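Examination of the molecular architecture
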Amino acid sequence: MSTNNWNEEGQVWLEDHGLLDDDQVARCARADQGESFRSPVPTRMVSNGEYMPAPQTENQKKVEARIQDLSETASKKLGIDRRRFLAGTGGMAAAFLAMNEVFGRFFSVSPIEMFEPEAYAQSGAPRDLFVFDDQLHMVRGSAPNPGGMLRAVAQGSTSGAGTNPMNPRGLRDERGDVWGVWNPALVGLPNVAANAQIVQFIKDVYLDSQITIGLLSNVTASVVNMGPDQNRPPRNYKEAMTGELLTAAQTAAARNFVNEISGSTRMLAHGLLYVGKGNLAYIQEQIEQNKPDSWKGYNISNAAKVDNDPNSLMRQWRHDDEAVAYPTFELIEKNYQKLKAAKPGFNNICVHKGLAPGPPDPERGHPRDLPKAAKDWPNLNFITYHACIQPAFFMYDALQEVKSGKMRQGVPDISWTTEYATLVAPYKNTYAEIGTTWASSIVTFPTVAAHIMGQLMKFMGPDRIVFGSDAVWYGSPQWQIDAMWRFQIPEDLRKKYGYPEMTPDARRKILGLNSAKLYGINTTQNFKPVPKDYEKRMSKELKTIMELPGYTADNMSKFRERYVEIGVERDNVRYGWIRTAL
């Protein structure tokens, strides 16, 4: 089945067909050999050899043909060959133009950007843009690779993980892909635990993106591992702490380190929102020891201790439960009155809702528990993470809902985001956060992204939407910032459904200014850079707190620096199998 081959260095290697049989291989070609036209963005499915790639769709053919036409004309005018054109910003502009023509005008891009790198840069996110990313994640060093699956989703079929873990039905996204790439910068990089640890995190967020201030988040643990196939909810926060990806103390330590070495406020930290009477002492302990800037919780997590029985298990919770959530809200508000001068965002209650297919229960993230809580607690801000979207990561079902014709208050009814936006619209202390919801739709389901942003702006307004990237699960957040800055709701959708236009002013509010108000940040202050030698400044104590294995550096930054130094151009080569015959 396989034959020996020799490479230029004289090393032997076996031709790898993966899981494809001889008949399937006969209908495919190596992407790096058979894909003669190397577009800046993939225009056909590329398989890693673990599944048969689908044929190129008609829309993908149209996009590819249009990129070819544009690049041929532009490269001749510029006096350069087409390969060099496609490796630069002009090639990316051509790809945006072609996708707009085929799928609808989702990206702000003009033809001049194909010819002038300065024009491309000017149309991108401006240098003076204030960006507040209110949902960032890292993990302690002892965690194996908890973000590996999410990283694989963003890498697409090039990840080597087999089939799309979030699309087991093998459905196609809006571009025709079963497993499309979200973040092209991740293609070809190893999917290892160090990607989500503090060393790589600081590089991805503060050196490789325009993030001004990042809010480091965490996750309330939902189960305790009692052995093989023996998991149960925790009895108390101490048991839960063993399953946390990042403890409250570690979150605070990372924040303090970044702010110390930069000499300015570049990071804020969440406290862990374990609710209920039995967790009140731990909330107060975090306040005194970790000094959180705001709070992060999960309705779906077993994080509510409803009594003081040491043997009772924690359970899921909802915002409007007067016996469970309200005592915690009361304690936070009481402390807020004392701390608001130093911690203006201390009253921000950030809760994960959605990304959980299943029954419409508030405990799973359905929004019907929010109106009463928002009304009863006017001095607290309720920031709903993920804008309550129900589907998990692959938005095929949301696209079908848009196409189905089912409406709610004059717009397509997307579960549960549309209902969320209409329910909380009257309550000015409610805010929609778009972490992962934006990342999982803008590249692969741009129509869904347009409806989500249109509905949030229509019902809640541009002053109550905040940007979050859920990085570093999906790599550096810069690609999401760039996409937001260039994104536009197509005119036909605006006219049909009454969606507002995404103006530069609205983008600035969403990307940072809204969160700045929520956290009392003066955006005109001097935000000093995080020094490039940050790793050398990490003390043994910090490395111990973060549980870094072996205290060794991730060499990826060194690889990247060397790559830039030698002036290597992007070659747009993709590795894997492409379908060439039916």
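Scroll up to find the structure this text is about.
Quantities reported herein were computed from a predicted structural model and do not represent experimental measurements. (Residues numbered from 1 in each chain as written. Predicted model: local features only at pLDDT ≥ 70, side-chain atom pairs only at ≥ 80, totals over all residues. Heavy atoms only, no water.)

1. What to know about the overall build of the chain
Operational definition: A helix here means a DSSP run of H or I that spans at least four residues, while a strand means a run of E at least two residues long, and both kinds are numbered starting from the N terminus. Accessibility here uses a 1.4 Å probe with only protein chains present; expressed as a share of the type maximum, an area under 20% marks a residue as buried, one over 50% as exposed, and anything in between as partly exposed. Contacts are assigned to residue pairs with any non-hydrogen atoms lying within 4.5 Å of each other. The accessible surface values rely on the Shrake-Rupley method and a 1.4 Å probe; as for residues, cover is taken only from the protein chains in view.
Within the chain one finds 22 helices and 16 strands. In the chain, which comprises 582 residues, the share counted as buried stands at 58%. Excluding contacts between residues fewer than 6 apart, the proportion of contacts in the chain whose partners are at least 24 apart in sequence is 76%. Element-wise, carbon and sulfur atoms account for 51% of the exposed surface of the chain, whose accessible area totals about 24,300 Å².

2. As for helix H11 (residues 280–289)
How we decide: In this description, one arc is meant: the one made by directions from the helix axis to the C-beta atoms.
Taken together, the buried positions of H11 are occupied by Tyr282, Ile283, Gln286 and Ile287. All buried residues of H11 project into a common sector of 145° when viewed along the axis, lining one side. Opposite the buried face of H11, at more than 90 degrees from it, the exposed residues are Ala281, Glu288 and Gln289. Close packing links the buried residues of H11 with helix H9 (237–241), helix H10 (248–262), strand S8 (267–272), strand S9 (294–298) and helix H12 (325–339). With its phi angle positive at about 50°, Lys291 sits one or two positions after the end of H11.

3. With respect to unusual backbone geometry
In this chain, Ser415 is followed by Trp416 through a cis amide linkage whose omega measures -20°. Note that Trp416 resides in the loop between strand S13 (411–412) and helix H15 (417–424). Cis geometry is adopted by the peptide bond preceding Val472, which originates at Ala471 and carries an omega value of 15°. Tracing the backbone through its elements, the reader meets Val472 in the loop between strand S15 (465–466) and helix H18 (478–486). Its identity is not glycine, yet Gln409 carries a phi of approximately 50°, on the positive side. Structurally, the position occupied by Gln409 is in the loop between strand S12 (407–408) and S13.

4. Remarks on the environment of Ala143
Residue position: Ala143 is located in the loop between strand S4 (132–136) and helix H7 (148–155). A residue is classified by how much of its surface remains accessible, and Ala143, at 13% relative accessible area, is buried. For the pair Ala143 and Glu547, spaced 404 residues apart in sequence, the C-alpha separation works out to 8.8 Å.

5. What to know about the pattern of salt bridges
Let me state the cut-off plainly: Salt-bridge detection follows one rule: a side-chain nitrogen of Lys or Arg within 4 Å of a carboxyl oxygen of Asp or Glu.
Following the criterion strictly, the structure yields 26 salt bridges and no others. Between Asp293 and Lys343 there is a salt bridge whose closest N-O contact spans 3.0 Å. In this pair, Asp293 sits in the loop between H11 and S9 while Lys343 sits in the loop between H12 and strand S10 (348–352), placing the two residues 50 residues apart along the sequence. Each of the two residues, Asp293 as well as Lys343, counts as buried. In this structure, the salt-bridge partner of Glu419 is Arg408, at a minimum N-O distance of 3.8 Å. Pair noted here: Glu419 is in helix H15 and Arg408 is in strand S12, with a separation of 11 residues, a long-range link. The network of salt bridges with shared partners includes Lys406, Arg408, Asp413 and Glu419.

6. Some thoughts on the packing of helix H3 (residues 58–78) against helix H5 (residues 89–103)
Definition in use: In this analysis, axes come from line fits to C-alpha atoms, helices being fitted only over the stretch in contact, and the angle between any two N-to-C directions falls in the range 0 to 180 degrees. Roughly parallel means an angle under 35 degrees; roughly antiparallel means over 145; roughly perpendicular covers 65 to 115; every other angle is labelled oblique. With the far helix as reference, a near helix turned anticlockwise by less than a right angle produces a left-handed crossing, and one turned clockwise produces a right-handed crossing. Throughout this entry, Asp, Glu, Lys and Arg are counted as charged residues, while Ala, Val, Leu, Ile, Met, Phe, Trp, Tyr, Cys and Pro are counted as nonpolar. The remaining residues, Gly among them, count as polar.
Relative to each other, H3 and H5 sit at 140°, their axes nearing to 9 Å. Compared by their axis directions, H3 and H5 come out oblique. Read as a crossing pair, H3 and H5 show a hand that is right-handed. Contacts between H3 and H5 pair Asn59, Lys62, Val63, Arg66, Ile67 and Leu70 from the former with Ala94, Ala95, Leu97, Ala98, Met99, Glu101, Val102 and Phe103 from the latter. The residue makeup of the contact of H3 with H5, split by class, is 10 nonpolar, 1 polar and 3 charged.

7. Brief notes about the packing of aromatic side chains
Put simply, the rule is: Aromatic rings from Phe, Tyr and Trp, with only the six-membered ring used for Trp, were paired whenever their centres fell within 6.5 Å, and each pair was classed as stacked if the ring planes differed by under 30 degrees, edge-to-face if by over 60, and tilted otherwise. Comment: the charge-over-ring label is applied if NZ (Lys) or CZ (Arg) is within 6 Å of the ring centre and within 35 degrees of the ring normal.
Across all of its chains, the model carries 13 aromatic pairs by this definition. Ring centres of Trp182 and Tyr474 lie 5.1 Å apart, and the angle between their planes is 65°; this geometry places the pair in the edge-to-face category. A residue pair is termed long-range when its members are at least 10 positions apart, and Trp182 in the loop between H7 and helix H8 (198–207) and Tyr474 in the loop between S15 and H18 qualify at 292 residues. The same class applies to Trp182 and to Tyr474, which are both buried. Grouped by ring-pair contacts, the aromatic residues Tyr326, Phe329, Trp377 and Phe382 constitute a single cluster. One cation-aromatic arrangement involves Arg507 over Trp485; the distance from NZ or CZ to the ring centre is 5.8 Å.

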